[in-house]
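Geometric and topological summary
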Amino acid sequence: MSPSQNRSNGRLFTGLILIVGGLLLLAYKMGYPIPVWVFSWQMLLIVIGILIGIKNRFQNFGWLILIAIGSFFLVEQEFAFAAFHQYFWPTFLILAGIFFILKPKRNNSGCKKKWQQDYQNTNAVNSPANVQINEDDAININSIFSGIQHTVISKNFLGGKINSVFGGVEIDCTQANIQTAACLQIEAVFSGVKLIVPQNWKVQNEMDGVFHGVDDKRKFNTINMDNDSKILTLKGSAVFAGIEIKSY
């Protein structure tokens, strides 16, 4: 499925959810017996999680975190389990650990196709057709309740993947270089991600999210930015998260 089709489907599902929510709220105001919890912040997290899951074909864990948090506190509120909340974080950490142990290794499928296509286009002219993608040229960061700083020194940076839940990630690419277009998949939930990139890189934002921001704080120079070979594309989703782009 193409990126434009993904964005179109995402807008469709989001629109349908808003319409259904509006109809339910209208019915509630008119006196229909609709439970109050339908309009709670817990239910909002669950709906956002479902939307993100649909968008990413339920392959990333950000949607599951939101649904789990919303469901946990919704059950606690509705059934009034006084001590229920005491077990939330221990249970969450145990499940997160199990998830990372059992999670099958994947090669960033969304960005991987882009890397392979870029290599094919480049290899057709400049290099042998059987060139292999070096794993050192791509990052794979997982941050849960932690802060991670990582420096990229690859001279053929391809991007990679960042997963962050209640964490902070800083990626320093000032010593890196891009030979073909790079793609970085970011899944951030209640997190902050800082990207420090060279001044002459173009950063294209194709991320979706809710209550998020992607802020490019660089001072643009039209001469330096006129370079279509140094493109870093940001994909993925962010919920209650901020993505900051800077240069030194």
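The structure we're discussing is the one just above.
Think of each chain on its own: its residues are numbered from 1, step by step along the sequence as written. A pLDDT threshold of at least 70 governs which residues receive local features in this predicted model, and a stricter bar of 80 or more applies before side-chain atom pairs are shown or counted, although totals over entire chains, interfaces and linings include all residues. To get the side-chain values, take all heavy atoms of the structure and skip hydrogens and water.

Attention shifts here to the nonpolar core. Here is a general trend for soluble globular proteins: nonpolar side chains tend to be buried in one another's company. Ranked by internal contacts, the top residues of the largest apolar core, which has 26 residues, are Phe157, Ile162, Ile171, Ile186, Leu195, Leu232 and Leu234. Looking at this core, the elements with two or more residues in it are β1 (138–144), β4 (168–172), β5 (182–189), β6 (192–196), β10 (231–239) and β11 (242–246). Secondary structure counts use DSSP, requiring at least four H or I residues in a row for a helix and at least two E residues in a row for a strand, with both numbered from the N terminus. Counting residues per element, this core draws most heavily on β5, at four residues. Two residues form a contact once any of their heavy atoms are found within 4.5 Å. Excluding residues that lie within four positions of it along the chain, Leu234 makes contacts with Leu184, Ile186, Leu195, Val203, Gln204, Asn205, Glu206, Met207, Val214, Ile243 and Ile245. Only buried residues count toward a nonpolar core. Its members are Ala, Val, Leu, Ile, Met, Phe, Trp, Tyr and Cys residues joined through side-chain atoms within 4.5 Å. The buried label applies to any residue whose accessible area, calculated with a 1.4 Å probe on protein chains only, is under 20% of its type's maximum; exposed applies above 50%, and partly exposed to all values in between. Counting 11 residues, the second-largest nonpolar core is a separate cluster that includes Leu45, Trp63, Leu66 and Ile67.

The subject of this paragraph is the packing of aromatic side chains. Put simply, two rings from Phe, Tyr or Trp (the six-membered ring, in Trp's case) pair if the centres are within 6.5 Å, and we call them stacked under 30 degrees between planes, edge-to-face over 60, tilted for the rest. If you walk through the whole model with that rule in mind, you get five aromatic pairs. Look at Tyr28 and Phe39: their rings are 5.3 Å apart centre to centre, the planes differ by 55°, and that puts the pair in the tilted class. Of the two residues, Tyr28 sits in helix α1 (residues 3–29) while Phe39 sits in the loop between α1 and α2 (41–55), which places them 11 residues apart along the sequence. When its relative accessible area of 32% is taken as the criterion, Tyr28 is described as partly exposed. We classify Phe39 as partly exposed; its relative accessible area is 32%. Judged by centre distance (4.9 Å) and plane angle (5°), the ring pair of Phe190 and Phe240 falls under stacked. Remark: Phe240 occurs in the loop between β10 and β11 and Phe190 occurs in the loop between β5 and β6; sequence separation between them is 50 residues. In this structure Phe190 comes out as partly exposed when scored by relative accessible area, which is 28%. Ring pairing ties together the aromatic residues Phe145, Phe166, Phe190 and Phe240, which thus form one cluster.

Here, a salt bridge means any Lys or Arg side-chain nitrogen found within 4 Å of an Asp or Glu carboxyl oxygen. By the definition in use, this model includes three salt bridges. Of the charged contacts, one joins Glu206 and Lys235 as a salt bridge, the two residues approaching to 2.7 Å between their closest N and O atoms. Here Glu206, found in the loop between β7 (202–205) and β8 (208–210), pairs with Lys235, found in strand β10; they are 29 residues apart in sequence, far enough to count as distant. Looking at Glu206, the relative accessible area reads 28%, which means it is partly exposed. Classification of Lys235 as buried rests on a relative accessible area of 18%. With its nearest N and O atoms 2.9 Å apart, the salt bridge here joins Asp216 to Arg218.

By this definition, two strands are paired if DSSP reports at least two bridges between them. Taken together, the five strands give an open sheet; going across it, the order is β2-β4-β6-β11-β9, and neighbouring strands pair in parallel fashion. The open sheet has two edge strands with one neighbour each: β2 (147–151) and β9 (213–216). Taking the axes of each pair of neighbouring strands and ignoring which way they run, one obtains an average angle of 10° across the sheet. Where β4 and β6 come together, five bridges link them in parallel fashion. If you follow Glu170 over to β6, its bridge partner there is Lys194. In this description, a line fitted to the C-alpha atoms serves as the axis of each element, helices being fitted only across the stretch in contact, and the angle between N-to-C directions of two axes falls anywhere from 0 to 180 degrees.

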